[in-house]
Amino acid sequence: MRARALVVPRSNGEAVRRRLREAGLLRSDLEILAEDDRIAFPLVTAEGAPGEMGEISEREFREVAPAAPEDYRDLLPGTAMEKERLPRSFDVVGDIVLVRLPEDLVERGPEIGEALLRFVPGARIVGADHGVHGRERRRRIERLAGSGGWRTRHRENHVELEVDLERAYFSPRLAREHARVAAEVRPGETVYDLCCGVGPFSVLIGADGRARRVVAVDANPDAIGLLRATVERYGLGGRIEALEMDVVQFVADRPPAERVVLNLPHEGIKYLPSVARAVARSGRLHFYEVVPRAEREQRAEAVVGTLVGGAAWSVVEWHLVHPYSPSSDLLAMTLARGPE
Ligand SMILES: C[S@@+](CC[C@H](N)C(=O)[O-])C[C@H]1O[C@@H](n2cnc3c(N)ncnc32)[C@H](O)[C@@H]1O
């Protein structure tokens, strides 16, 4: 845009900029222009500008790009109080954005979707997340804005996973857990990743290379198909075996492994006695469970109490992964099988 300018030698640039700003004469909607050894300042008006410091002239200036909003809600109309009622958080999985909408905001879904699509860099589609359902924990999603399906690649802990949010479970909120467990693997271990979903534990452990072997098991054929696609892309077929199988059937005839992950937080407890038998002596079991908040302090010891059958079990540590509902939490427990 063409505008009135004060053009000064570069050596005076900073002093002039300060003077113009203090006098309210510097236009903030246009970018200051650097020429070889001179600087051109866009002026609100030439009146009162320190013409003695340079030359009053005209220049073509670039417009200053509007500052990106810090909150997607600023892209929507409404008062501050109305915006406060909109969902604050959302999840990003690859190029997909998921948002949970309370009942009273369902009608505003499409405009919330459009705002998120504009706000999240690289977003392709936005969906209303209706939670995971059934044994296979498939997600129900309703498109709010954008286009395409729910398959994507999600980068997490330096690996890129094949994900299809409608067909197989995946949550980006477990990234730290995946990394934490992978970091605990010792050289030469065999790892069983039970209820592996699309395999975030397995792929990270396999890619790291310390484990001798990883066996990933899930009853959902779509989850196993996605995991196999990731394994193939990384050329990890020699280290990671992905099996479509029921967890009980799998542990029935397998030799014990040094490390076992069981991430089936609502009903894993019913498989725990058989899964525990698949843990080698001195091995570790990483168990996840959704627990009523009031019980969480005692829960890990109570879980160990269910593990009868010869070997001594103990709690190495437990921690909160994240709150699950207003009255329950997702806990991670590391349980150790004794040497005897
Ligand atoms: C919470 S999700 C898995 C999460 C995955 N470990 C992760 O970190 O992303 C639970 C998975 O258990 C699988 N599942 C449920 N019951 C099963 C069973 N009896 N045997 C094998 N897999 C089962 C579901 O298909 C689902 O993929």
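Our structure is the block above this text.
Now for a quick tour of the structure. The numbers attached to residues start from 1 for each chain and follow its sequence in the written order. Per-residue local features are limited, in this predicted model, to residues with pLDDT of at least 70; the limit for side-chain atom pairs, both in listing and counting, is 80 or more; totals at the level of whole chains, interfaces and linings are taken over all residues.

**A few points about the overall build of the protein chain**
- Only DSSP runs of H or I reaching four residues or more are called helices, and only runs of E reaching two or more are called strands; each is numbered from the N terminus. In terms of helices and strands, the protein chain carries nine helices and 17 strands.
- Our radius of gyration looks at C-alpha atoms and nothing else; its globule reference is 2.2 Å times the residue count to the power 0.38. Over its C-alpha atoms the protein chain spans a radius of gyration of 29 Å, topping by over 25% the 20 Å that the globule rule assigns to 340 residues.
- Dimensions of the protein chain along its principal axes, counting C-alpha atoms only, are 95 × 45 × 40 Å.
- Here the C-beta atoms are placed from the backbone, and a residue counts as buried if at least 20 other C-beta atoms lie within 10 Å of its own, exposed if 12 or fewer do, and partly exposed otherwise. Out of the 340 residues belonging to the protein chain, those deemed buried represent 35%.
- A separation of at least 24 residues holds for 60% of the contacts in the protein chain among residues at least 6 apart in sequence. Two residues qualify as a contact pair if the distance between their C-beta atoms, derived from the backbone, is within 7 Å.

**Let's talk about the sheet that holds strand E2 (residues 33-34)**
- Here four strands make up an open sheet; going across it, the order is E2-E3-E1-E4 and the pairing antiparallel. Each end of this open sheet is capped by a strand with a single partner; those strands are E2 and strand E4 (55-60).
- Relative to E4, strand E1 (residues 2-9) runs antiparallel, the two sharing six bridges. Across the sheet, the residue bridging to Ala 5 is Ser 57, located in E4. Here, strands pair whenever DSSP counts at least two bridges between them.

**Here we look at the site of the ligand**
- To decide nearness, the C-beta atom of each residue is placed from the backbone, and the residue is near a molecule or strand if that atom lies within 6 Å of it. Taken together, 21 residues sit near the ligand, with Cys 195, Gly 197, Ala 219, Asn 220 and Val 247 positioned nearest.
- Of all the secondary-structure elements, those providing two or more residues to the shell around the ligand are helix H5 (200-208) and strand E12 (213-218).
- Split by residue class, the shell around the ligand holds 13 nonpolar, three polar and five charged.
- Counting residues domain by domain, the shell around the ligand receives three or more from each of domain 2 (72-149) and domain 3 (169-337). In this classification, Asp, Glu, Lys and Arg are treated as charged, Ala, Val, Leu, Ile, Met, Phe, Trp, Tyr, Cys and Pro as nonpolar, and every other residue, Gly included, as polar. In this entry, domain limits derive from an automatic or database-based domain assignment.

**What about the sheet that holds strand E7 (residues 125-133)?**
- With mixed pairing, the four strands of this open sheet are ordered in space as E5-E6-E7-E8. Looking at strand neighbours, the two that pair on one side only are strand E5 (91-93) and strand E8 (138-146), the edges of this open sheet. Geometrically, the sheet is characterised by an average inter-axis angle of 35 degrees between neighbouring strands, direction not taken into account.
- Looking at chain direction, strand E6 (residues 96-99) and E7 are connected through four bridges and run parallel. In the sheet register, Val 99 faces E7, and the bridge partner there is Ala 128.
- Together, E6, E7 and E8 form the strand contacts of helix H3 (residues 109-119), whose direction differs from that of E8 by roughly 80 degrees. In this description, a line fitted to the C-alpha atoms serves as the axis of each element, helices being fitted only across the stretch in contact, and the angle between N-to-C directions of two axes falls anywhere from 0 to 180 degrees.

**Thoughts on unusual backbone geometry**
- Phi at Asn 157 is positive, roughly 50 degrees, even though this residue is not glycine.
- Examined against the element boundaries, Asn 157 turns out to sit in the loop between strand E9 (151-156) and strand E10 (159-164).

**What about the nonpolar core?**
- Judged by nonpolar contacts, the single largest core of 71 residues is most densely connected at Leu 194, Leu 227, Val 260 and Leu 262.
- The two domains that each donate at least three residues to this core are domain 2 (72-149) and domain 3 (169-337).
- What Val 260 contacts, discounting residues up to four positions off in sequence, is Tyr 192, Leu 194, Val 275, Ala 278, Val 279 and Leu 285.
- Among the nonpolar cores identified, the runner-up in size contains twelve residues, and Val 16, Leu 26, Ala 40 and Ala 49 belong to it. The term nonpolar core means buried Ala, Val, Leu, Ile, Met, Phe, Trp, Tyr and Cys residues held together as one set by C-beta atoms within 7 Å.

**Quick word on the environment of Ser 11**
- Its place among the elements puts Ser 11 in the loop between E1 and helix H1 (13-22).
- For Ser 11, a count of 10 C-beta atoms within 10 Å translates into the label exposed.
- Residues Ser 11 and Asp 37, spaced 26 residues apart in sequence, show a C-alpha to C-alpha distance of 8.2 Å.

**Brief notes about the packing of helix H4 (residues 175-184) against H5**
- At a minimum axis distance of 9 Å, the contact between H4 and H5 shows a crossing angle of 40 degrees. By the angle class used here, H4 and H5 are oblique. Both H4 and H5 take part in a crossing whose hand is right-handed. Between H4 and H5, the residues in contact are His 178, Ala 179, Val 181 and Ala 182 and Pro 200, Phe 201, Leu 204, Ile 205 and Asp 208, respectively. For classification, angles of less than 35 degrees are called roughly parallel, those exceeding 145 degrees roughly antiparallel, those between 65 and 115 degrees roughly perpendicular, and all remaining angles oblique. We call a crossing left-handed when the near helix sits turned anticlockwise from the far one by less than a right angle, and right-handed when that turn is clockwise.

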